[in-house]
Amino acid sequence: MSKAIEMKSAVVAEIAEKLEKAASVIVVDYKGLTVEQVTELRSQMREAGVDYKVYKNTLVRRAAKTIEGEAYANFNDTELVGPNAIAFGYEDPVAPARILKGFMDKNPDKISLKMGVVEGEFYDEAKIVALAAIPSREELIAKLLGSLKAPMSNFVYLLDAVAKKQDEAVEA
């Protein structure tokens with residue numbers, strides 16, 4: 001086997017491993033980004049624990065064919081064309097979508113969501129945008145704690161108001 005074929009086989013194996021390990025995989029078209037913008041996006045991805053890579057489409061298609069199930073069936077010759085980058089989210093399946101959507105909002109017409117797979121289910125652009133709208137785990141926990149705290153806080157204020165009213169009545 002030639003050296004080039006061995007190298008490509010290794011890359012296909014690497015991509016297949018990432019596709020299997022990732023909780024979410026988002027494919028984006030990144031035409032028109034400057035070096036500074038790509039650097040900013042990569043740094044945001046790194047901070048969130050997301051792997052952001054550019055691979056040849058043919059190698060991604062080959063790797064997708066090795067994965068069992070229908071989730072990666074759309075990683076084909078008609079859908080996976082042009083300059084694409086892939087964001088692999090391992091811990092938080094929503095993080096890549098949220099970061100990419102935020103970046104798209106700041107830099108319109110520079111990057112576009114194409115498709116993805118989140119926890120074994122194929123997502124088109126509309127579903128990825130909807131997924132990005134989901135608050136982070138920390139935000140959801142904060143909202144839950146706020147909801148749990150509100151009735152107790154209101155009860156304490158009520159008791160305090162009753163106590164003040166009784167003190168006023170005793171003084172009068």
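Residues numbered from 1 in each chain as written. Predicted model: local features only at pLDDT ≥ 70, side-chain atom pairs only at ≥ 80, totals over all residues. Heavy atoms only, no water.

So, on to the packing of helix H2 (residues 35–47) against helix H4 (residues 95–106). Close contact between H2 and H4 brings their axes to 10 Å; oriented N to C, the two are set at 150 degrees. By the angle between their axes, H2 is roughly antiparallel relative to H4. Every pair of crossing elements has a handedness; the one defined by H2 and H4 is right-handed. Counting all contacts with H2, which are made through Gln-37, Glu-40, Leu-41, Gln-44 and Met-45, the residues of H4 involved are Pro-96, Ile-99, Leu-100, Phe-103 and Lys-106. (Axes fitted to C-alpha atoms, helices over the stretch in contact; angles between N-to-C directions. Helix = DSSP H or I, 4+ residues; strand = E, 2+ residues; numbered from the N terminus. Parallel < 35°, antiparallel > 145°, perpendicular 65-115°, else oblique. Left-handed = near helix turned anticlockwise from the far one by under 90°. Contact = heavy atoms within 4.5 Å.)

This part takes up the packing of aromatic side chains. Throughout the structure, instances matching the rule amount to one aromatic pair. When the ring of Tyr-72 is compared with that of Phe-75, the centres are 5.1 Å apart and the planes differ by 75 degrees; the resulting orientation is edge-to-face. Each member of the pair, Tyr-72 together with Phe-75, is buried. Geometry around Tyr-123 places Lys-127 over its ring, the cationic atom sitting 5.6 Å from the centre. (Phe/Tyr/Trp six-rings, centres within 6.5 Å; stacked < 30°, edge-to-face > 60°. Buried < 20%, exposed > 50% of the residue type's maximum accessible area, 1.4 Å probe, protein only. Lys NZ or Arg CZ within 6 Å of the ring centre and 35° of its normal.)

Attention shifts here to unusual backbone geometry. The phi dihedral of Asp-109 falls on the positive side, at around 65 degrees, and the residue is not glycine. Of note in the backbone geometry, Glu-119 takes a positive phi value of approximately 45 degrees without being a glycine. Its place among the elements puts Glu-119 in the loop between strand E4 (112–118) and strand E5 (121–124). A relative accessible area of 62% means that Glu-119 is categorised as exposed.

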